[in-house]
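Observations on the three-dimensional arrangement
Here is what each chain is made of, one letter per residue.
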Amino acid sequence: MKIATWNVNSLRVRLPHLLAWLDTEKPDIVALQETKTVDEDFPLGEIHAAGYQTVFSGQKSYNGVALLSRLTPTGVTRDIANLDDAQRRLLAANYDGLRVINLYVPNGASVGSEKYAYKMSWLEKISAWIQQQLSTHEHLIVLGDFNIAPEDRDVHDPAAWQGQVLVSDAERAAFTRLRNLGLHDCFRLFEQPADVFSWWDYRAGAFRRNQGLRIDHILVSPALRALCTSCRIDTTPRKLERPSDHAPVVAEFTVK
DNA sequence: ATGGCGCGCGCAGCGCGA
């Protein structure tokens, strides 16, 4: 089973890239973030024609998450108790015995800002819910755009980014707390080349210079960790005309 | 060099992303 996460930065604009990528990679489940599409405008026809079922939680202009799958989703969650968030950043579904949680973690703007406080509060509330989900789902996968580069090796220039949003100590501590619940970063289960990133700024030729951050992640429960056989970041779609600024992260599992 | 680019909205130029 192949599972991926991709922040597409507008589903309607990126639909040709997504459809081409689905055709090439043939993933079983794909978590999308920043669809920026209200549910009425979700491109159901094209995605169904590609062989995927869908669940989504969108809003006008901003945010928005979706799950595409070969299997039929059940147990769909769009809101959780105590989060009370109008921003569409969370979507979970079951596929047979697998529980998939798709997250679009807030960006945080800058350390100390109101948006940063919202990000930290959001992470705290989500973590409590994920802890609960871990206790009821043996095969749990939490993936998405976390907007956190966990370690300095996930940053092209750690000195320049020191203390900034996406790499600050408090954000990294929140990510560590999530992992300490019993979640494993699939990417780091395997030997990886240096300087592999999942996001590059559109400006200043950042992708060409590989000046990126690894902020998109696939985390798994212990039972799934044992079944994970690979994890990589696919930079192919980032090279296309008018790309998303994020690249997909792809993990494979020896399950059904 | 606090800009650079790309998106949505909506028709100018701003808010937002990371």
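Located above this text is the structure these notes cover.
Here is a short report on the structure shown in this document.

Criteria and cut-off values
Residues numbered from 1 in each chain as written. Chains lettered and ligands numbered in written order. Predicted model: local features only at pLDDT ≥ 70, side-chain atom pairs only at ≥ 80, totals over all residues. Heavy atoms only, no water. Pairing = 2+ DSSP bridges. Helix = DSSP H or I, 4+ residues; strand = E, 2+ residues; numbered from the N terminus. Axes fitted to C-alpha atoms, helices over the stretch in contact; angles between N-to-C directions. Contact = heavy atoms within 4.5 Å. Expected span 1.5 Å × (residues − 1). Buried < 20%, exposed > 50% of the residue type's maximum accessible area, 1.4 Å probe, protein only. Near = heavy atom within 4 Å. Polar contact = N/O pair within 3.5 Å; in protein donor to acceptor, adjacent residues only side chain to side chain. Nonpolar A, V, L, I, M, F, W, Y, C, P; charged D, E, K, R; others polar. Core = buried A, V, L, I, M, F, W, Y, C linked by side-chain atoms within 4.5 Å. Phe/Tyr/Trp six-rings, centres within 6.5 Å; stacked < 30°, edge-to-face > 60°. Lys NZ or Arg CZ within 6 Å of the ring centre and 35° of its normal.

**Description of the sheet that holds strand 4 (residues 65-69)**
Pairing is mixed across the open sheet formed by six strands, whose spatial order is 3-4-2-1-14-13. Strand pairing shows two members of the sheet lacking a second neighbour, strand 3 (53-57) and strand 13 (228-233), which therefore form its edges. Each strand axis lies, on average, 10 degrees off the axis of its neighbour in the sheet, ignoring direction. Inspection of the sheet shows strand 13 paired to strand 14 (residues 249-253) by five bridges, in the antiparallel sense. What sits directly across from Cys-231, in strand 14, is Ala-251. Strand contacts of helix 1 (residues 11-25): strand 1 (2-7), strand 2 (29-33), strand 4, strand 13 and strand 14, with the helix running at about 160 degrees to strand 1, the strand carrying the most contacts.

**Examining helix 3 (residues 114-136)**
In this model helix 3 runs 34 Å from its N-terminal to its C-terminal C-alpha over 23 residues, within 8% of the 33 Å that 1.5 Å per residue would give. Listed in full, the buried residues belonging to helix 3 are Tyr-116, Lys-119, Met-120, Trp-122, Leu-123, Ile-126, Ser-127, Trp-129, Ile-130, Gln-133 and Leu-134. The inward-facing, buried residues of helix 3 contact strand 5 (74-77), strand 6 (90-95), strand 7 (98-104), strand 8 (139-145) and helix 5 (169-180).

**Considering the protein's contact with DNA strand B**
Around DNA strand B, a shell composed of 23 residues is seen, among which Ser-10, Glu-34, Asn-107, Trp-199 and Arg-203 lie nearest. Take Ser-61: an N or O atom from its side chain is 3.3 Å from a sugar or linking oxygen of DNA strand B. Here a base nitrogen of DNA strand B and a side-chain polar atom of Asn-107 are 2.9 Å apart. For the surface near DNA strand B, the element with the highest residue contribution is helix 1, accounting for three residues. Classifying every residue of the surface near DNA strand B gives seven nonpolar, seven polar and nine charged.

**Topic: the nonpolar core**
By size, the foremost hydrophobic cluster in this structure holds 33 residues, and its most contacted members are Ile-101, Leu-103, Ile-126, Ile-130, Val-142, Phe-146 and Leu-183. Among the secondary structure elements, those contributing two or more residues to this core are strand 6, strand 7, helix 3, strand 8 and helix 5. Core analysis: the next-biggest nonpolar cluster, separate from the first, contains 32 residues, Val-55, Leu-143, Cys-186 and Val-255 among them.

**Structural notes on unusual backbone geometry**
Of note in the backbone geometry, Glu-34 takes a positive phi value of approximately 55 degrees without being a glycine. Inspection of the secondary structure assignment puts Glu-34 in the loop between strand 2 and helix 2 (44-49). Even without being glycine, Asn-63 reaches a positive phi, approximately 55 degrees. Mapped onto the elements, Asn-63 comes out in the loop between strand 3 and strand 4.

**Some thoughts on the packing of aromatic side chains**
Any two aromatic rings considered together are summarised by their centre-to-centre distance and by the angle between their planes. Considering all chains together, one arrives at four aromatic pairs under this definition. Ring geometry for Phe-146 versus Phe-175: centroids 5.8 Å apart, planes at 85 degrees, classification edge-to-face. Note that Phe-146 is positioned in the loop between strand 8 and helix 4 (158-161) and Phe-175 in helix 5, a separation of 29 residues in sequence. Across the pair, Phe-175 and Phe-146 agree in class, each one buried. Geometry around Tyr-52 places Arg-70 over its ring, the cationic atom sitting 4.3 Å from the centre.

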